[in-house]
Amino acid sequence: DGDGRKVLRSSIREFLCSEAMFALGIPTTRAASIVTSDLYVTRYPLNNGERISECCSVVMRLASSFIRFGSFEIFLGQDEFSGLQCPSVGRHDIPAQLLDYVVENFYPHIQETHNNRKERNLSFFREVMMRTAKLVAQHRQYEHPGSNSGLWPLWFHGQVLWT
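Residues numbered from 1 in each chain as written. Predicted model: local features only at pLDDT ≥ 70, side-chain atom pairs only at ≥ 80, totals over all residues. Heavy atoms only, no water.

- As annotated in an unreviewed UniProt entry, the protein chain is Selenoprotein O from Goodea atripinnis.
- What UniProt states about the protein chain under its Sequence similarities (unreviewed entry) heading is, verbatim, "Belongs to the SELO family."
- Turning to the protein chain, the UniProt annotation filed under Cofactor (unreviewed entry) states: "Mg(2+)". (UniProt positions renumbered as here; feature names shortened; annotations may be inferred.)

### With respect to helix 3 (residues 93–106)
At step 1: Helix length check: helix 3, at 14 residues, gives a terminal C-alpha distance of 20 Å against a target of 20 Å (1.5 Å per residue), a fit within 8%.
At step 2: Within the sequence span of helix 3, burial applies to Pro95, Leu98, Leu99, Asp100, Val102, Val103 and Phe106.
At step 3: Buried residues belonging to helix 3 abut helix 2 (69–73), helix 4 (108–113) and helix 5 (117–142). (Helix = DSSP H or I, 4+ residues; strand = E, 2+ residues; numbered from the N terminus. Expected span 1.5 Å × (residues − 1). Buried < 20%, exposed > 50% of the residue type's maximum accessible area, 1.4 Å probe, protein only. Contact = heavy atoms within 4.5 Å.)

### Observations concerning helix 5
At step 1: Here helix 5 spans 38 Å end to end across 26 residues, near enough to the 38 Å set by a 1.5 Å rise per residue.
At step 2: As for helix 5, its buried residues are in contact with helix 1 (8–23), helix 2, helix 3 and helix 4.
At step 3: Two to three positions downstream of the cap, the backbone nitrogen of Lys118 sits 2.8 Å from a side-chain oxygen, assigning the N-cap of helix 5 to Asn116. (Polar contact = N/O pair within 3.5 Å; in protein donor to acceptor, adjacent residues only side chain to side chain.)

### Let's talk about the sheet that holds strand 3 (residues 52–62)
At step 1: With antiparallel pairing, three strands are arranged side by side in an open sheet as 1-3-2. Pairing within the sheet leaves two strands with one partner each, and these edge strands are strand 1 (6–7) and strand 2 (30–43).
At step 2: Taken together, the ten bridges between strand 2 and strand 3 define a ladder with antiparallel strand orientation. Pairing of Val41 across the sheet is with Glu54, part of strand 3. (Pairing = 2+ DSSP bridges.)

### Describing the pairing of strand 3
At step 1: As paired strands, strand 1 and strand 3 are joined by two bridges and run antiparallel to one another. The residue of strand 3 that forms the bridge with Lys6 is Ser57.

### Here's the deal with the pattern of salt bridges
At step 1: Following the criterion strictly, the structure yields eight salt bridges and no others.
At step 2: Taking the shortest distance from any N to any O, the salt bridge between Arg117 and Asp100 comes out at 2.8 Å. With Arg117 in helix 5 and Asp100 in helix 3, the pair connects residues that are 17 residues apart, well separated along the chain.
At step 3: On the basis of relative accessible area, Asp100 is assigned to the buried category, the value being 18%. (Salt bridge = Lys/Arg side-chain N within 4 Å of Asp/Glu carboxyl O.)

### A closer look at the environment of Leu99
At step 1: One can find Leu99 in helix 3.
At step 2: Sequence separation between Leu99 and Phe72 is 27 residues; the distance between their C-alpha atoms is 8.4 Å.
At step 3: Apart from the residues lying within four places of it in its own chain, the contact partners of Leu99 are Phe72, Arg120, Asn121, Phe124 and Phe125.

Structure below.
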């Protein structure tokens, strides 16, 4: 319904799917628990036109870090289609500091082998690109038709991309 809320049945599916992917050896963050809310929303679970009321829930996930692609996108300028802009637009110092932090703490082998900042950053982006391509291929092997593939990058934070 575009409200950003997840209901219990979809949270259970996310929990089980992510743990199955982990068991298959596919990198993913780990699902730790599901918490339900007193808030209810209406959904079409059977796609028959009948709405039912379902309780909202949240899947708590564990990872060594929750730095993700969106952590860098927050600094982008105005979107040409919506006209919206991110809250930290124009703060070029912050993404540079974040990039330094990520490389130094999660990719020390790149930090140690490159004295030139530009070469270091290119090496980092090349490695992230290769890891991401491999990870997408692994996830796509087991993706089911009802999965929300539009959200897959959110699963690739923490343990997956940045360690």
